[in-house]
Amino acid sequence: QAQGLNADQAAGALRFAVSVGPDVLVEAAKLRALRLCWARVMEASGAAPENRGAHIHAFTSRRMLTRYDSWTNILRITSAAFAAGVGGADDITTLPFTDALGVATPFARRIARNTQHVLLEESHLGHVIDPAGGAWFVEELTHQLAQTGWAKMQAIEAQGGIEAALNSGAIQKDIAETRAARAKAFATRKETITGVTDFPLLGAKQPEIAAPRAAPLPPLSGLTPIRWAEPFEALRDKAEAIDPRPAIFFANLGALTEFSPRSNFARNLFGVGGVGAIEPETEYVSANALIAAYKQSGAKVAILCGTDARYGEDMATVAEALRDAGCRHIILAGEPRGTDLIQQFVWNGCDALEALRALHTALGIVP
């Protein structure tokens, strides 16, 4: 209005740049909800029906990318690009799968380009106007997101508009609360990042990059870009810098069928922090054989793995023997229980970041 443009003229000059993550149904619904909300805004502004469409440029999210197991980023980027296409994006930018590591090589850029070619020419994403239209889940989620987004917009307008809301810190507060809740979900592994918080592949070779990335620009209005994998990668970096790799001795109780569920859980958890496993699948015929194997391993830390019944029978005896053999930090795979023999407990649902920081301290890894 300040420049003398009416709603119809302004409509053709406006574009939305939207980050899209790997959850196909949610991200598709997000873009569809944006279209609904913008059409309502333009209707209220007096624009003609043919000028009410939102032009959306979708970018595959940087927040979802990882430095470790970077090859998995190809799948994340493909899912995000597919979601953008299904959601009706007009333009799509696919980032290279090595974006979190540094400047992309020609190979990484070619993979990013070919991802779009496959989606267009083999999946035929451009052949259907609204592929998700009519699907109950997507339709319902679209309307829920549109209603919530509209309410958020009204709240911002009530504060005096977007600039006032940013200057007051209200938007930063909302984002910080959501970010903290999401970070907790990753820390407790209710949400997972394949290759980082689950199924880490220790010792894997990283893809090549053309050059390290330049220092990031200062945050805008206090909104600092993040990647969900960063806290886990920082811990793993410290362990990866040590040669030989720090490792934990697995003091398994009973038969393989008894200890393997908790042994596999613990090995996966410790790998998230870059810590290896010593004898994670070994059965011991006696407590003496277990202690002899521990002494031979040279490990500083041991973890007891078994069933609750085995813990009731053998935990105290084996823990005392490990302590007498020089083990200074004993972990039990299972929820906390009252005993002075165990220094740390790990279980499904515990805060993985806190557990790994405690483990790093016990192993002497510089915090």
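(A) Main features of the sheet that holds strand S1 (residues 16–20). Pairing is parallel across the open sheet formed by three strands, whose spatial order is S1-S2-S3. Edge positions in the sheet fall to S1 and strand S3 (91–93), since each of these pairs with one other strand and no more. Ignoring strand direction, the axes of neighbouring strands in this sheet form an average angle of 25°. Relative to S3, strand S2 (residues 56–60) runs parallel, the two being bridged by three bridges. Residue pairing across strands places His57 opposite Asp91, the latter belonging to S3. Its contacts with the sheet place helix H3 (residues 73–87) against S1, S2 and S3, and it is angled at close to 165° to S2.

(B) The arrangement of helix H10 (residues 287–297) in detail. Leu290, Ile291, Ala293 and Tyr294 are the residues of H10 that are buried. Down the axis of H10, the buried side of the element spans an arc of 160°, and every buried residue falls inside it. Facing away from the buried surface of H10 by more than 90 degrees, the exposed residues are Asn288, Lys295 and Gln296. Residues of H10 that are buried in the fold lie against strand S4 (247–252), strand S6 (301–305) and helix H11 (308–324). Where H10 terminates, the next one or two residues include Gly298, which has phi positive at roughly 75°.

(C) Highlighting the environment of Gln144. Within the secondary structure, Gln144 is located in helix H5 (residues 136–158). Under the relative-accessibility criterion, Gln144 is labelled partly exposed at 39%. Counting along the chain gives 115 residues from Gln144 to Ala29, while the straight-line C-alpha distance between them is 9.3 Å.

Conventions we followed
- Residues numbered from 1 in each chain as written.
- Predicted model: local features only at pLDDT ≥ 70, side-chain atom pairs only at ≥ 80, totals over all residues.
- Heavy atoms only, no water.
- Pairing = 2+ DSSP bridges.
- Helix = DSSP H or I, 4+ residues; strand = E, 2+ residues; numbered from the N terminus.
- Axes fitted to C-alpha atoms, helices over the stretch in contact; angles between N-to-C directions.
- Contact = heavy atoms within 4.5 Å.
- Buried < 20%, exposed > 50% of the residue type's maximum accessible area, 1.4 Å probe, protein only.
- Arc of directions from axis to C-beta.

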